[in-house]
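# Examination of the molecular architecture
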Amino acid sequence: MEKFTTLASRAIPLSTENVDTDQIIPARFLKATDKIGFGKHLFKDWRFHKDESINTDFALNNQKYSGSILVAGDNFGCGSSREHAAWALTDYGFKVIVSSFFADIFKGNALNNGLLPVQVSDDFLKKLLPVLQENPQVEIVVNLEKQTIETPIGTTTFEIDAYKKTCMLNGYDDIDFLISKKETINAFEARL
């Protein structure tokens, strides 16, 4: 995984609430086991019409929006526990998802794949979404070390599991973390 410390980026607002993992990556695309290539199917049924033409009304297809931060409505990542949802979001280019609530399994899958879920208050999210819709050029700054998110409406903090924070700051997956402790583990075993 890549190290994550600070990200300054424009954001794509997706005000839809209760976005489940089948909307993020429809089940018909879950045949592959490699993380690569899922981004092209991200929000497939929302990004494209049934005839495969582009839905220009959908936020990800709106050319005024860009960036590696997705600001989503409340309850993002609910539904089935498919890791492919995190794969699709990261393969598409997102590094941060902001919402007022994340399903626990989605949050874990996101963190395991280098995608930072930033949970803000419901009130903060309701104020932020319209500002991003009206001013798509503004930047958001996410600082993982300080656990802050700076936006046009102000700065707030977010919580993250200390272990996952360490992993993201260092670019570790679970195996990399264990390898980083190899000398400590060897010293412990030598004492036994």
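The structure under discussion appears in the preceding block.
Rules of the game
- Residues numbered from 1 in each chain as written.
- Predicted model: local features only at pLDDT ≥ 70, side-chain atom pairs only at ≥ 80, totals over all residues.
- Heavy atoms only, no water.
- Helix = DSSP H or I, 4+ residues; strand = E, 2+ residues; numbered from the N terminus.
- Rg over C-alpha atoms; globule rule 2.2 N^0.38 Å.
- Buried < 20%, exposed > 50% of the residue type's maximum accessible area, 1.4 Å probe, protein only.
- Contact = heavy atoms within 4.5 Å.
- Areas by Shrake-Rupley, 256 points an atom, 1.4 Å probe, with all protein chains shown as cover.
- Lys, Arg positive; Asp, Glu negative; His and termini not counted.
- Charge placed at Lys NZ, Arg CZ, Asp CG, Glu CD.
- Pairing = 2+ DSSP bridges.
- Axes fitted to C-alpha atoms, helices over the stretch in contact; angles between N-to-C directions.
- Phe/Tyr/Trp six-rings, centres within 6.5 Å; stacked < 30°, edge-to-face > 60°.
- Lys NZ or Arg CZ within 6 Å of the ring centre and 35° of its normal.

## Some details on the overall build of the protein chain
- Regarding its fold elements, the protein chain presents 8 helices and 8 strands.
- Rg of the C-alpha trace for the protein chain: 18 Å, near the compact-globule value of 16 Å for 192 residues, within the 12% margin.
- Counting only C-alpha atoms and orienting by the principal axes, one finds that the protein chain spans roughly 65 × 40 × 25 Å.
- The 192 residues of the protein chain split such that 44% are buried.
- Intrachain contacts of the protein chain at a sequence separation of at least 6 include 66% that bridge at least 24 residues.
- If you sum the accessible surface of the protein chain, you get close to 10100 Å²; carbon and sulfur atoms cover 49% of it.
- Each charge class in the protein chain was averaged separately, 21 positive and 26 negative side chains, and the resulting centres sit 3 Å apart.

## Thoughts on the sheet that holds strand S6 (residues 140–143)
- Overall, antiparallel pairing links the 4 strands, which are arranged S1-S6-S7-S8 in an open sheet. Strands with a single pairing partner mark the edges of an open sheet, and in this sheet they are strand S1 (6–9) and strand S8 (154–157). Sheet twist, expressed as the average angle between the axes of neighbouring strands with direction ignored, equals 10 degrees.
- By the bridge criterion, 4 bridges tie strand S7 (residues 148–151) to S8 in an arrangement that is antiparallel. Note on S8: the bridge partner recorded for Thr-148 is Thr-157.

## Structural notes on the sheet that holds strand S4 (residues 96–99)
- Here we have 4 strands laid out as an open sheet, ordered S2-S3-S4-S5, and parallel in their pairing. The outermost strands of the open sheet, each flanked by one partner alone, are strand S2 (11–14) and strand S5 (116–119). Recorded for the sheet is a direction-independent mean angle of 20 degrees between the axes of neighbouring strands.
- Pairing between S2 and strand S3 (residues 69–72): 4 bridges, direction parallel. Bridge pairing links Pro-13 to Val-71 in S3.

## Let's talk about the packing of aromatic side chains
- Enumeration according to the criterion identifies 10 aromatic pairs in this entry.
- Counting every residue linked through ring pairs, the aromatic cluster contains Phe-43, Trp-46 and Phe-58.
- Across the ring face of Phe-48, the terminal group of Lys-44 is positioned such that the distance to the ring centre comes to 4.8 Å.

## What about unusual backbone geometry?
- Phi angles above zero are rare outside glycine, and Asn-75 is one such case at about 65 degrees.
- By the element assignment, Asn-75 lies in the loop between S3 and helix H3 (84–92).
- Overall, the relative accessible area of 16% leaves Asn-75 in the buried class.
- Located in the positive-phi region is Gln-147, a residue other than glycine, with phi close to 60 degrees.
- Looking at where Gln-147 falls in the secondary structure, it is placed in the loop between S6 and S7.

## A look at the environment of Asp-176
- Residue position: Asp-176 is located in helix H7 (residues 174–180).
- C-alpha separation for the pair Asp-176 and Gln-63, spaced 113 residues apart in sequence, amounts to 38 Å.

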